[in-house]
Amino acid sequence: MERAVRRIFERYERFFNRSLGDEVDTNELSSLYASEFIGASPAGVRTGKNDAQFKQVMAKGYDHYRAIGTKGMRMRNVRFSPIDDLHCVAHVSWTATYARKDQPDVAIDFDVHYLVQVLDGEPKVFGWVSGDEQALLKQHGII
């Protein structure tokens, strides 16, 4: 299970970085997620469906990342907490790099905890818990 789950985040890292320079392949993006999911952050808990609206929202999210100067995303580490034979929490440590006007680039480390289900060897993210992205970006002068 760990190998399959690690591969999905390696795919996500490659996808994220390609999407910063090109248009977002929303079909590839949606292939990483289960048909329904849950997300939790300081903004609250939300549920969603992996549908056309999700693809549209995610494409707009990448437009935003480009607009604020996101240059790259690098996965530093993945740690696993198995739940059972089909489910785990993947604790992923990321580093995002941002360009800032008239200042050096800044790298920001953060963690996201993903709920992952593996069926027939195929991992899908069905949830995540993240910190306050907006506060972190403000703290580092990105927004």
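Above this text is the structure in question.
Here the structure is a predicted model, which means the values were calculated and not measured.

Peer 1: Would you take a moment to explain the packing of helix H1 (residues 2-21) against helix H3 (residues 52-67) for this structure?
Peer 2: Running from N to C, H1 and H3 cross one another at 65°; their axes reach a closest spacing of 9 Å. The pairing of H1 with H3 is recorded here as roughly perpendicular in orientation. The two elements H1 and H3 cross, and the hand of that crossing is right-handed. Listed contacts from H3 to Tyr12, Phe15, Phe16, Ser19, Leu20 and Gly21 of H1 are Tyr62, Tyr65 and Arg66. Residue classes in the contact of H1 with H3 are distributed as six nonpolar, two polar and one charged.

Peer 1: Where do I start with the nonpolar core in this structure?
Peer 2: It is characteristic of soluble globular proteins that their nonpolar side chains tend to be buried jointly. In this structure, Phe9, Ala90, Trp94, Tyr114 and Val116 are the most contacted members of the largest nonpolar core, which totals 36 residues. Breaking this core down by element, the ones donating at least two residues are H1, strand S1 (33-41), H3, strand S3 (70-82), strand S4 (87-100) and strand S5 (103-119). Not counting chain neighbours up to four residues away, the residues in contact with Tyr114 comprise Phe9, Cys88, Val89, Ala90, Val92, Trp94, Val125, Gly127 and Trp128.

Peer 1: It is not clear to me how empty space enclosed by the protein should be interpreted in this structure. Could you clarify?
Peer 2: Rolling a probe over the atoms, with the probe sized like a water molecule, indicates the empty space that remains. Following the criterion strictly, the structure yields one cavity of 30 Å³ or more and no others. Of the voids in this model, the largest cavity is the one considered here, and its volume is about 40 Å³. When residues in the lining of the largest cavity are grouped by element, the largest group, three residues, is from H1. Class assignment of the residues belonging to the lining of the largest cavity gives a composition of seven nonpolar, no polar and no charged.

Peer 1: I would appreciate a short explanation of the pattern of salt bridges in the present structure.
Peer 2: Close approach of charged atoms allows side chains of opposite charge to pair. Tallied over the full model, the rule gives five salt bridges. A salt bridge links Arg66 to Asp63; the nearest nitrogen and oxygen atoms lie 2.7 Å apart. Taken together, the residues Arg66 and Asp63, both in helix H3 and three residues apart, mark about one turn of the helix.

Peer 1: Got a minute to help me understand H1 in this structure?
Peer 2: Given 3.6 residues per helical turn, the α-helix brings residues three or four places apart onto the same face. Over its 20 residues, H1 extends 30 Å from the first C-alpha to the last, a length consistent with the 28 Å expected when each residue adds 1.5 Å. Buried within H1 are the following residues: Ala4, Val5, Ile8, Phe9, Tyr12, Glu13, Phe15, Phe16, Ser19 and Leu20.

Peer 1: Looking at this model, I keep getting lost on the sheet that holds S4. Mind explaining?
Peer 2: Adjacent strands of a sheet form backbone hydrogen bonds with each other and so pair up, either parallel or antiparallel. Pairing is mixed across the open sheet formed by six strands, whose spatial order is S2-S1-S6-S5-S4-S3. On the outer flanks of this sheet lie strand S2 (44-49) and S3, each paired with one strand and no other. Across this sheet, the average inter-strand angle for adjacent strands is 25°, counted without regard to direction. Where S5 and strand S6 (residues 122-130) come together, eight bridges link them in antiparallel fashion.

Peer 1: Can you help me understand the packing of aromatic side chains in this one?
Peer 2: When we look at a pair of aromatic rings, we describe it by the centre distance and by the angle of the planes. In the structure shown here, the tally under the stated rule is 12 aromatic pairs. The interplanar angle of 45° and the centroid separation of 4.6 Å between the aromatic rings of Phe9 and Tyr114 together place this pair among those described as tilted. Separated by 105 residues along the polypeptide, Phe9 in helix H1 and Tyr114 in strand S5 bring together distant segments of the chain. An identical accessibility class is assigned to Phe9 and Tyr114; each is buried. Linked through ring pairs, Tyr12, Phe15, Phe16, Tyr62, Tyr65 and Trp94 together constitute an aromatic cluster.

Quick notes on the rules
Residues numbered from 1 in each chain as written. Predicted model: local features only at pLDDT ≥ 70, side-chain atom pairs only at ≥ 80, totals over all residues. Heavy atoms only, no water. Axes fitted to C-alpha atoms, helices over the stretch in contact; angles between N-to-C directions. Helix = DSSP H or I, 4+ residues; strand = E, 2+ residues; numbered from the N terminus. Parallel < 35°, antiparallel > 145°, perpendicular 65-115°, else oblique. Left-handed = near helix turned anticlockwise from the far one by under 90°. Contact = heavy atoms within 4.5 Å. Nonpolar A, V, L, I, M, F, W, Y, C, P; charged D, E, K, R; others polar. Core = buried A, V, L, I, M, F, W, Y, C linked by side-chain atoms within 4.5 Å. Buried < 20%, exposed > 50% of the residue type's maximum accessible area, 1.4 Å probe, protein only. 1 Å grid on protein atoms, 1.4 Å probe; cavity = no way out; pocket = protein on both sides within 12 Å on 5 of 7 lines; lining within 4 Å. Points joined across faces, edges and corners; volume = space filled by probe spheres on them. Salt bridge = Lys/Arg side-chain N within 4 Å of Asp/Glu carboxyl O. Expected span 1.5 Å × (residues − 1). Pairing = 2+ DSSP bridges. Phe/Tyr/Trp six-rings, centres within 6.5 Å; stacked < 30°, edge-to-face > 60°.

Everything listed here is a matter of coordinates, which is why it stays silent on function.
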